[in-house]
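# Tertiary structure, described
Next come the chains, spelled out residue by residue.
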Amino acid sequence: MHFEDVRQWQGTADDLARELKRQIEQLGLSVEPPSVRTVRLWRSKQLLSQPKGQEFKFRQILEGLATAVLLKRGWTLAAIGQVLPSFSDTDLERQIIAESDGQDSTWATVIQTNSLPLPVGHRHALDLAEDAAMLLAQGIIRQYNRVLPGQEIVRQDDSMPPELYRAMCKLGRLYIEEGLADSAACVHTILERSRYPLSSEEWNLKIFRQTEFPFSGVTLIEPDLRVPTSDCSVIANKSGAFGEDNVIEHRLYSQLREATERLGARRKHKAYTAVRKLVGKYSLIGERQLLDYLIENDLTPLQRTVVDFFDRVSDTWLIEGFVHRCTHCGTLMRPHPNKNRFPDGCCPIRQCYSHNSGQLCEKLNPDGLLIAKPQILTFWTGPAIDELAIFEAAQQKGLNAELYPESDLCDISINNRAIGIDAKSYTSPVTLALRLNRRIGGLAHYRRRIIAISDRLIEENPNYLSSLRSTLDKKGDPATLEVLSVTSVIELIKSM
Ligand SMILES: [Zn+2]
């Protein structure tokens, strides 16, 4: 048996480099043994998982060997760092021995047989802390704008900005999770505390002092002048819009961008598109089907990030013990309070044709089913209905079309930079126009720039297109936009 003599092994970086060389020779692996410097680099990139200040152990021998093998297969360090933690020691041993026997050990199958690592622990607390800080910053700005005219005072009641209220709930949870009393229940205390840096004793939250927490040294309110700091407004505006859903969507989006970034230049755009397509088409998905999709699309290094986009289907969504899937968009139908009119529930996606009609559905066994988080459904799955319809029409026509090209430069591009199309489903044409007057975004990189408006919105408001066109600036980038309904865009594509 391999590895029997090193299960109790311990040593320094020098020792580990020496041991890895010995193991690579013994196992006959055709990889370069790492130098001490490389071992230190791997440690700094957290590929070697021993806690800071402790000696390396047996696990790090396995991690070192796996890293050397995967690097040879063209994985990036970042991608390796993402998957290594999902392997048990036994899995790693088995894979390394298979490599040494010259078997074609597909690392993906090991990931396949493991269960999905549902988000728990450290990452979860950091996400919670980041959301709490962003909501707190937004709540402070909103509260400040309210009391500024001098007519209102801070009150802990229904008039409190919802961002502030949600921030306090999340802060309360952080205190409880750190084993402390919930000292976030009073709005006055929280505002008082905001005059101190988040990492300070006054806050007394360990998670705020971690190096991974991005707002650690930040003070949200000027200590003496008692106005929101400029840091506060930067953090508040980071997600582009206020409110809890926007904050969470922004975080998930940044996590996806960071994770794909780590795959390296060659793979990142493809991976980004594949993930967006996944949540667009398969927002309700079985665990196994999700793993297969990740493997087929070369996304296993992103497994953790992607799994975080989903929750288990909770019992409250079941209708007579079954999960109902919308036949139109494929998502989970929710039970409707009016059981006579909607006995099968209704589709929660606003852009879906079945949204108001409680249409046909498919009944599934709930075991192992996952549903995309509400923010993903709102910001990605819903808009994807139109985006995918346009993209698929272009594909059927045999055009050179790309979905979310270059990590989201636009929704659909045709013939590289010739045509860029963005599908939009803002309920108000005026809000959309004002947004576009500020920035038309990645569309600026395309020669022909098309805004496609959801047909459902035009059904509801027949003046939608004319209001949008008349509110768009008559000069500059906004004047170059063509505004069409999704159906017209599809007709245009068919006539190309
Ligand atoms: Zn639907």
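Just so we're clear, the structure is a prediction, and the values are computed from it rather than from any experiment.

### Thoughts on the overall build of the protein
Looking only at helices and strands, one finds 20 helices and 12 strands in the protein. Computed over the C-alpha atoms, the radius of gyration of the protein is 26 Å, within 12% of the 23 Å expected from 2.2 N^0.38 for a compact globule of 496 residues. Sorting the 496 residues of the protein into buried and exposed places 38% on the buried side. A separation of at least 24 residues holds for 66% of the contacts in the protein among residues at least 6 apart in sequence.

### Side note on helix 15 (residues 374–396)
Here helix 15 contains 23 residues, and its C-alpha end-to-end distance of 31 Å stays within 8% of the 33 Å for a straight helix at 1.5 Å per residue. For helix 15, the principal kink sits at alanine 384 and spans about 40 degrees.

### Points about the domain arrangement of the protein
Considered domain by domain, the protein is made up of domain 1 (4–113), domain 2 (122–242), domain 3 (267–377) and domain 4 (381–494). Each of domain 1 and domain 4 has a C-alpha centre, and these two points are 48 Å apart.

### Focus on the environment of arginine 193
Along the polypeptide, arginine 193 turns up in helix 9 (residues 187–193). On a C-alpha basis, the gap between arginine 193 and isoleucine 221 in space is 8.8 Å, while along the polypeptide they are 28 residues apart. Non-local contacts of arginine 193, meaning those with residues more than four positions away in its chain, are made with Glu202 and Trp203.

### Digging into helix 20 (residues 486–494)
Among the residues making up helix 20, those that are buried are Val486, Val489, Ile490 and Ile493. For helix 20, the buried positions fall inside an angular range of 100 degrees around the axis, keeping them on one side. The elements touched by buried residues of helix 20 are helix 15, strand 10 (419–424), strand 11 (448–453), helix 18 (455–460) and strand 12 (481–485).

### Observations concerning the sheet that holds strand 3 (residues 284–286)
Backbone hydrogen bonds are what pair the strands of a sheet, in a parallel or an antiparallel way. The 3 strands lie next to each other as 3-7-4, forming an open sheet whose pairing is antiparallel. The open sheet has two edge strands with one neighbour each: strand 3 and strand 4 (310–312). This sheet shows a mean twist of 35 degrees between the axes of neighbouring strands, independent of strand direction. In the sheet, strand 4 pairs with strand 7 (residues 369–372) via 3 bridges, with the strands oriented antiparallel.

### A closer look at the nonpolar core
Ranked by size, the top nonpolar core spans 124 residues in total, and within it Ala133, Ala137, Val275, Ile390, Ile412, Ile421 and Ala452 carry the most contacts. Residues contacting valine 275, with those up to four places away along its chain left out, are Leu256, Leu299, Leu302 and Val306.

### Examining the sheet that holds strand 8 (residues 401–403)
Read across the sheet, 5 strands follow the order 8-9-10-11-12 without closing on themselves; strand pairing throughout is mixed. In this open sheet, the two strands that pair with only one neighbour each are strand 8 and strand 12. Taken pair by pair, the neighbouring strands of this sheet meet at an average axis angle of 25 degrees, ignoring direction.

### Digging into unusual backbone geometry
Of note in the backbone geometry, arginine 226 takes a positive phi value of approximately 60 degrees without being a glycine. On the neighbour-count criterion, arginine 226 (12 C-beta atoms within 10 Å) is exposed. Not every positive phi belongs to a glycine, and glutamate 406 is a case in point at roughly 50 degrees. Taking the number of C-beta atoms within 10 Å as the measure of exposure, glutamate 406 has 15 and is therefore partly exposed.

### So, the packing of helix 1 (residues 13–27) against helix 2 (residues 36–44)
Where helix 1 meets helix 2, the closest approach of the two axes is 9 Å, and the angle between their N-to-C directions is 110 degrees. Comparing the axis directions of helix 1 and helix 2 gives the class roughly perpendicular. The element helix 1 and its partner helix 2 pack so that their crossing is right-handed. Counting all contacts with helix 1, which are made through Ala13, Asp14, Leu16 and Ala17, the residues of helix 2 involved are Val36, Val39, Arg40 and Arg43. Its residues placed into classes, the contact of helix 1 with helix 2 shows 5 nonpolar, no polar and 3 charged.

### Some thoughts on the pairing of strand 5 (residues 323–326)
Across the two faces of strand 5 the burial is the same, with Val323 and Arg325 and His324 and Cys326 all buried. Bridge count between strand 5 and strand 6 (residues 361–364): 4 bridges; the pairing is antiparallel. Residue arginine 325 lies in a different strand from strand 6, and its bridge partner there is glutamate 362.

### Remarks on the UniProt feature "domain: REase associating with pPIWI RE" (unreviewed entry) in the protein
Taking the UniProt record as the reference, the feature "domain: REase associating with pPIWI RE" (unreviewed entry) is found at residues 386–493. Each end of residues 386–493 is marked by a C-alpha atom, and these two atoms are 14 Å apart; helix forms 44% of the span and strand 21%.

### Observations regarding the environment of isoleucine 319
Note that isoleucine 319 resides in the loop between strand 4 and strand 5. A residue is classified by how many C-beta atoms lie within 10 Å of it, and isoleucine 319, with 18 of them, is partly exposed. Measuring from C-alpha to C-alpha, the distance between isoleucine 319 and aspartate 344 comes to 7.2 Å, with 25 residues separating the pair along the chain. Leaving out residues up to four positions away in the same chain, isoleucine 319 has contacts with His324, Pro335, Asp344 and Gly345.

### Considering the environment of asparagine 461
Among the secondary structure elements, asparagine 461 is positioned in the loop between helix 18 and helix 19 (464–471). Asparagine 461 sits in the partly exposed class, given 14 other C-beta atoms within 10 Å. Considered as a pair, asparagine 461 and lysine 339 are 122 residues apart in the sequence and their alpha carbons are 29 Å apart.

Reading the values: the criteria
- Residues numbered from 1 in each chain as written.
- Predicted model: local features only at pLDDT ≥ 70, side-chain atom pairs only at ≥ 80, totals over all residues.
- Helix = DSSP H or I, 4+ residues; strand = E, 2+ residues; numbered from the N terminus.
- Rg over C-alpha atoms; globule rule 2.2 N^0.38 Å.
- Buried ≥ 20, exposed ≤ 12 C-beta atoms within 10 Å, placed from the backbone.
- Contact = placed C-beta atoms within 7 Å.
- Expected span 1.5 Å × (residues − 1).
- Bend = angle between axes of the 7 residues up to and from the residue.
- Domains from an automatic or database assignment.
- Arc of directions from axis to C-beta.
- Pairing = 2+ DSSP bridges.
- Axes fitted to C-alpha atoms, helices over the stretch in contact; angles between N-to-C directions.
- Core = buried A, V, L, I, M, F, W, Y, C linked by C-beta atoms within 7 Å.
- Parallel < 35°, antiparallel > 145°, perpendicular 65-115°, else oblique.
- Left-handed = near helix turned anticlockwise from the far one by under 90°.
- Nonpolar A, V, L, I, M, F, W, Y, C, P; charged D, E, K, R; others polar.
- UniProt positions renumbered as here; feature names shortened; annotations may be inferred.

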